[in-house]
Amino acid sequence: WLGESLRAMNLNQYSQSAAQPGIAVEVIGNLEVFVPALYEQRRIASALSGMTASIDALLVEKQRQLELLAEKRRALITSAVTQGVNAEAPRRDSGIAWLGEIPAHWQIERTKWLFAERDERSEMGDEELLSVSHLTGVTRRADKDVNMFMAETLEGYKRCEAGDLVINTLWAWMGAMGVARLPGIVSPAYNVYQPVKTVDPNYLDLLVRTTRFVEEVTRYSKGVWSSRLRLYPEGLYEAWLPVPPKDEQQAIAAYAVVEIGKIDTLVEATERTIALLQERRTALIAEAVTGGLETRNAN
């Protein structure tokens, strides 16, 4: 009962620091907490357990739905970029383990034939700073709401152009790579690659961020520990990629955008439902522990 009562008090209002929220022990010790008789505390706790059970069950179900939608999203992208969107197209064995069968008219190319490393450095460091993560690919650093160490100067950072493949060398094994949508600069520790003109950037971004591709290039990464693997150019160049005709690459990317949008709409609706259920649960607990909810006849 006491734990639920304290959570209902919104302890964040007593935080003494905006940058790193925290509550001093003496502040907690001086708070006044309404304490009913022990038998009534037990009755409230028992009633709450029954009242929140259905909400908790729904929350579990909705979280599972989110997991299934994420799995469906990954499977859809992987299928589109490695098998195409025409189920009737003749197939052939690619000869590449991570690809399996592919449309017969697709090409298979070594990445060293498709990319040239770009190592151009910024003189002033005043270009748009980009970051690379396994969750969002390549994005503007200014759009990320995170507290990270920033260098005093960005001079000497690597330049990249829109359409370039950017790989976070240290976190490539987690999938921290993607295609830049706009020109900018990235950390000198990253690797930047300019693709040949036969590769569509939107198709490429989908392809390199699939779990299958990440696992494939991780095989060629160097390092003793799995969490310290680094993907250098010579490692990337060992991998093979499927290369459909460019117009088909563009069609695949357009198809994926539409289908991903449908899934993301369902995700957003599910997340809103979860937020409402959590709010309802919190409000229910607050009412019960503060005497605003009748629990005598609750089952």
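Above this text you will find the structure in question.
Summarised in this report is the structure supplied together with it.

A look at the overall build of the protein
Point 1. Check the secondary structure of the protein and you find eight helices and 12 strands.
Point 2. Of all 299 residues assigned to the protein, the portion counted as buried reaches 38%.
Point 3. By element, 53% of the accessible surface of the protein is carried by carbon and sulfur atoms, the whole surface being about 17,400 Å².

As for the pattern of salt bridges
Point 1. Summed over the entire model, instances satisfying the criterion amount to 16 salt bridges.
Point 2. For the salt bridge of Arg 281 with Asp 56, the shortest nitrogen-to-oxygen distance reads 2.6 Å. Here Arg 281, found in helix α8 (residues 246–289), pairs with Asp 56, found in helix α3 (residues 38–83); they are 225 residues apart in sequence, far enough to count as distant.
Point 3. Classification of Asp 56 by relative accessible area gives partly exposed; the value is 27%.
Point 4. Asp 205 is the partner of Arg 181 in a salt bridge, and the nearest nitrogen-oxygen pair spans 3.0 Å. Within this pair, whereas Arg 181 is found in the loop between β9 (177–179) and β10 (184–186), its partner Asp 205 is found in helix α5 (residues 201–208), the two being separated by 24 residues in sequence.
Point 5. Its relative accessible area of 45% is what places Arg 181 among the partly exposed residues.
Point 6. In this structure, a network of salt bridges that share partners links the residues Arg 118, Glu 120, Arg 159, Glu 161 and Asp 164.

Concerning the side chain of Glu 248
Point 1. Topologically, Glu 248 is positioned in helix α8.
Point 2. A polar contact of 3.2 Å, which involves the side chain of Glu 248, links it to the side chain of Trp 106.

Re the sheet that holds strand β11 (residues 191–195)
Through backbone hydrogen bonds, the strands of a sheet pair up, either in parallel or in antiparallel fashion.
Point 1. As summarised here, the arrangement of the four strands in space is β4-β11-β8-β9, forming an open sheet in which the pairing is antiparallel. In the strand order of this sheet, the two ends are held by β4 (115–118) and β9, each with one partner. When the angles between neighbouring strand axes are averaged without regard to direction, this sheet yields 25 degrees.
Point 2. Here four bridges tie β4 to β11, and the two strands are oriented antiparallel to one another.

Observations regarding the packing of α3 against α8
Point 1. Axis separation between α3 and α8 bottoms out at 10 Å; the angle between their running directions is 170 degrees. For the element pair α3 / α8, the angle class is roughly antiparallel.
Point 2. Grouping the constituent residues of the contact of α3 with α8 by class yields 25 nonpolar, six polar and nine charged.

Points about the packing of α3 against α5
Point 1. Remark: α3 packs on α5, axes separated minimally by 9 Å, with the N-to-C direction vectors making an angle of 120 degrees. The pairing of α3 with α5 is recorded here as oblique in orientation. Relative to α5, the crossing made by α3 is left-handed. Contact with α3, carried on its side by Ile 77, Val 81 and Thr 82, involves Tyr 203, Leu 206 and Leu 207 of α5 and no other residues of that element.
Point 2. Residue composition of the contact of α3 with α5, by class: five nonpolar, one polar and no charged.

Notes on the packing of aromatic side chains
Point 1. Enumeration over the complete set of coordinates arrives at five aromatic pairs.
Point 2. Judged by centre distance (5.9 Å) and plane angle (35 degrees), the rings of Trp 171 and Trp 173 are tilted.
Point 3. Under the relative-accessibility criterion, Trp 171 is labelled partly exposed at 35%.
Point 4. Taking the relative accessible area as the measure of exposure, Trp 173 reaches 27% and is therefore partly exposed.
Point 5. Following the ring pairs from residue to residue traces out a cluster consisting of Phe 115, Tyr 193 and Tyr 237.

Cut-offs used in this document
- Residues numbered from 1 in each chain as written.
- Predicted model: local features only at pLDDT ≥ 70, side-chain atom pairs only at ≥ 80, totals over all residues.
- Heavy atoms only, no water.
- Helix = DSSP H or I, 4+ residues; strand = E, 2+ residues; numbered from the N terminus.
- Buried < 20%, exposed > 50% of the residue type's maximum accessible area, 1.4 Å probe, protein only.
- Areas by Shrake-Rupley, 256 points an atom, 1.4 Å probe, with all protein chains shown as cover.
- Salt bridge = Lys/Arg side-chain N within 4 Å of Asp/Glu carboxyl O.
- Polar contact = N/O pair within 3.5 Å; in protein donor to acceptor, adjacent residues only side chain to side chain.
- Pairing = 2+ DSSP bridges.
- Axes fitted to C-alpha atoms, helices over the stretch in contact; angles between N-to-C directions.
- Parallel < 35°, antiparallel > 145°, perpendicular 65-115°, else oblique.
- Nonpolar A, V, L, I, M, F, W, Y, C, P; charged D, E, K, R; others polar.
- Left-handed = near helix turned anticlockwise from the far one by under 90°.
- Contact = heavy atoms within 4.5 Å.
- Phe/Tyr/Trp six-rings, centres within 6.5 Å; stacked < 30°, edge-to-face > 60°.

Shape is all these values report; function is a separate question.
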